[in-house]
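Chain and residue survey
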Amino acid sequence: DSGVTQTPKHLITATGQRVTLRCSPRSGDLSVYWYQQSLDQGLQFLIQYYNGEERAKGNILERFSAQQFPDLHSELNLSSLELGDSALYFCASSPPGTGVSPLHFGNGTRLTVT
Amino acid sequence: AQKVTQAQTEISVVEKEDVTLDCVYETRDTTYYLFWYKQPPSGELVFLIRRNSFDEQNEISGRYSWNFQKSTSSFNFTITASQVVDSAVYFCALSDLNNAGNMLTFGGGTRLMVKP
């Protein structure tokens, strides 16, 4: 168990809808990262938050947004969903401090858009 | 730009065979970190190892060993005496230190199937 909690585990929704994925980082970790894993794109970095502030942005679509709350949990909002957004969405966290820490990943949320 | 290539998309071995998973990376950074993650059929991503660019010592952990060669930009992973439980997708990843934080660039993964 990595200590990173993601809910829900599965989500099935229709095109055009909006969903929210939730992530609770490991205790003591200040950084939260979102990654998307799809068959055609592989594992891609979406966005990172550190202690409530956006730190880095990757290949995140404009239809997607995220935030990190004062209690450090994070939410990834996906709107105007398309079939191609079907993927496994991972959240990861890492501790504060200098250096490059390993990311500890949650079990993912599998999103199916029909 | 960062790039990680795992040329082997699928490898199939019989239990107790040794197997090496290849990873080749590209970066302009002089300081960087490399990682291996395992994704078993259950889907989670499990951290296996982190290596920094200044430490080229090979590492062994039980049946797992890693060979880092800066000269060839490779960070290969060997499983000795493979077991069925080793069946998983293995990802090699490279840190991007140009971004604040710890953004990882992943390779495409190698699916390892260990048959009894």
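What this report covers is the structure whose coordinates are included nearby. (Residues numbered from 1 in each chain as written. Chains lettered and ligands numbered in written order. Predicted model: local features only at pLDDT ≥ 70, side-chain atom pairs only at ≥ 80, totals over all residues. Heavy atoms only, no water.)

Next up on the list: the overall build of chain B. Check the secondary structure of chain B and you find zero helices and 12 strands. Reading chain B from its N terminus to its C terminus gives the helix and strand order β-β-β-β-β-β-β-β-β-β-β-β. Computed over the C-alpha atoms, the radius of gyration of chain B is 14 Å, within 12% of the 13 Å expected from 2.2 N^0.38 for a compact globule of 116 residues. Principal axes of the C-alpha set define a box for chain B whose edges measure 45 × 30 × 20 Å. Counted over contacts in chain B with a minimum sequence separation of 6, partners at least 24 positions apart contribute 56%. Positive and negative side-chain charges of chain B, numbering 10 and 13 respectively, have mean locations separated by a distance of 1 Å. (Helix = DSSP H or I, 4+ residues; strand = E, 2+ residues; numbered from the N terminus. Rg over C-alpha atoms; globule rule 2.2 N^0.38 Å. Contact = heavy atoms within 4.5 Å. Lys, Arg positive; Asp, Glu negative; His and termini not counted. Charge placed at Lys NZ, Arg CZ, Asp CG, Glu CD.)

The next subject is the interface of chain B and chain A. Contacts between chain B and chain A engage 19 residues on the former and 16 residues on the latter. With both chains or domains summed, chain B and chain A bury close to 1,600 Å², and 63% of this area falls on carbon and sulfur atoms. Among the residues chain B hides against chain A, the three largest losses belong to Leu45, Asn102 and Phe106 of chain B. Together they make up 32% of the total. Applying the counting rule to chain B against chain A returns zero salt bridges. Viewed at the interface, chain A and chain B are joined by three residue pairs in polar contact (both at pLDDT 80 or more). For the side of chain B that touches chain A, the elements supplying multiple residues, two or more each, are β5 (33–39), β6 (46–52), β10 (88–96) and β11 (103–106) of chain B. For the side of chain B that touches chain A, the class distribution of residues is 11 nonpolar, six polar and two charged. (Buried area = accessible area lost by both parts, 1.4 Å probe. Salt bridge = Lys/Arg side-chain N within 4 Å of Asp/Glu carboxyl O. Polar contact = N/O pair within 3.5 Å; in protein donor to acceptor, adjacent residues only side chain to side chain. Nonpolar A, V, L, I, M, F, W, Y, C, P; charged D, E, K, R; others polar.)

With that out of the way, let us pick up the environment of Asp86 of chain B. Looking at the element boundaries, Asp86 of chain B is found in the loop between β9 (74–79) and β10. Discounting residues that sit within four places of it in the chain, Asp86 of chain B has contacts with Lys38, Arg63, Tyr64, Ile79, Leu112 and Val114 of chain B.

Everything listed here is a matter of coordinates, which is why it stays silent on function.
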